[in-house]
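Single-letter residue listing:
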Amino acid sequence: MYRKVTAVYESATTKRFKGGRTDNIRSCTIDSVCFSKALEDKGSIESIDKYRLMRKAVETHKARINEAIHGLYCVDRHLYGLQMTAKEMGEDEPTIFTDKAYKIANTYRLSSSQNPSGHMLVMCFGPSEADGYGVAYNPRERSIFFAISTSESCPQTDAKKYAKTLTDVLLEMQALTINGQ
């Protein structure tokens, strides 16, 4: 939609650990970017190649989810704990938190969370950034419900346009899946 990559916050439950709540899957990967770029290409990339890129992106995402819920990939809560501990102890903030790369990696213009329920459950939360999107989704057996939010103060974001783009992409992914099997 914007043709640029951004950090994505997708929550992963860590409830299997004592006191566990959530951590970040960080779902923007090289494979997801390659697939996104292939979807934008309307001529030179064959559908079967787009399908293969989609499958690779999905498999990478599934692996990231598995790593996150098992505490193998997550660092966000640990770093947050370090930042808060330094603050509570009156220490200077560790330099990692003022680094430009750290700030870019933690500016989540897309924040998403899966809220699975067999019921027609609609949840919503606001975006993490004023110029971002909050996307809650409930995958069901034959449908997916989405709740998309933006900040009214940001004229660059448009929940309706995002919903239309999301619908178009999901339909294209469906066609790739049907034709790729």
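Residues numbered from 1 in each chain as written. Predicted model: local features only at pLDDT ≥ 70, side-chain atom pairs only at ≥ 80, totals over all residues. Heavy atoms only, no water.

Enquirer: Describe the sheet that holds strand S1 (residues 7–13), and please don't skip the residues or the numbers.
Expert: By way of backbone hydrogen bonds, the strands of a sheet pair with one another, either parallel or antiparallel. The strand order across the open sheet formed by five strands is S2-S1-S3-S4-S5, and the pairing between neighbours is mixed. In this open sheet, the two strands that pair with only one neighbour each are strand S2 (22–24) and strand S5 (144–149). Neighbour to neighbour, the strand axes of the sheet diverge by 20 degrees on average, direction disregarded. Bridge count between strand S4 (residues 133–139) and S5: six bridges; the pairing is antiparallel. From the neighbouring strand, Asn138 faces S5, where its bridge partner is Phe145. On the sheet, helix H3 (residues 76–88) packs against S1, S2 and strand S3 (108–114) and is oriented at approximately 105 degrees with respect to S2. (Pairing = 2+ DSSP bridges. Helix = DSSP H or I, 4+ residues; strand = E, 2+ residues; numbered from the N terminus. Axes fitted to C-alpha atoms, helices over the stretch in contact; angles between N-to-C directions. Contact = heavy atoms within 4.5 Å.)

Enquirer: How would you explain the packing of aromatic side chains if you had to name every residue and give the values?
Expert: Using the criterion set out here, one finds five aromatic pairs in the structure. Consider the rings of Tyr2 and Tyr133, whose centres lie 6.3 Å apart with planes at 45 degrees: the pair is tilted. Here Tyr2 is found in the segment before S1, whereas its partner Tyr133 is found in strand S4, with 131 residues between them in sequence. Measuring from ring centre to ring centre gives 5.5 Å for Tyr9 and Tyr108, while their planes differ by 70 degrees; the resulting arrangement is edge-to-face. Separated by 99 residues along the polypeptide, Tyr9 in strand S1 and Tyr108 in strand S3 bring together distant segments of the chain. Accessibility assignment for this pair places Tyr9 and Tyr108 in one class, buried. Each member of the aromatic cluster is reached from another via a ring pair, and the members are Tyr2, Tyr133 and Tyr162. (Phe/Tyr/Trp six-rings, centres within 6.5 Å; stacked < 30°, edge-to-face > 60°. Buried < 20%, exposed > 50% of the residue type's maximum accessible area, 1.4 Å probe, protein only.)

Enquirer: How would you explain the state of the cysteines if you had to name every residue and give the values?
Expert: Throughout the structure, instances matching the rule amount to zero disulfides. With no disulfide of its own, Cys28 has Cys34 as its nearest cysteine by sulfur position, at a separation of 10 Å. You can call Cys28 partly exposed: its relative accessible area is 31%. Lacking any disulfide linkage, Cys124 is separated from the closest cysteine sulfur, that of Cys154, by 16 Å. (Disulfide = S-S within 2.5 Å.)

Enquirer: Give a description of the side chain of Asn115 that names residues and reports values.
Expert: Looking at where Asn115 falls in the secondary structure, it is placed in the loop between S3 and S4. Of note is the side chain of Asn115, whose polar atom sits 3.3 Å from the backbone oxygen of Ser113. (Polar contact = N/O pair within 3.5 Å; in protein donor to acceptor, adjacent residues only side chain to side chain.)

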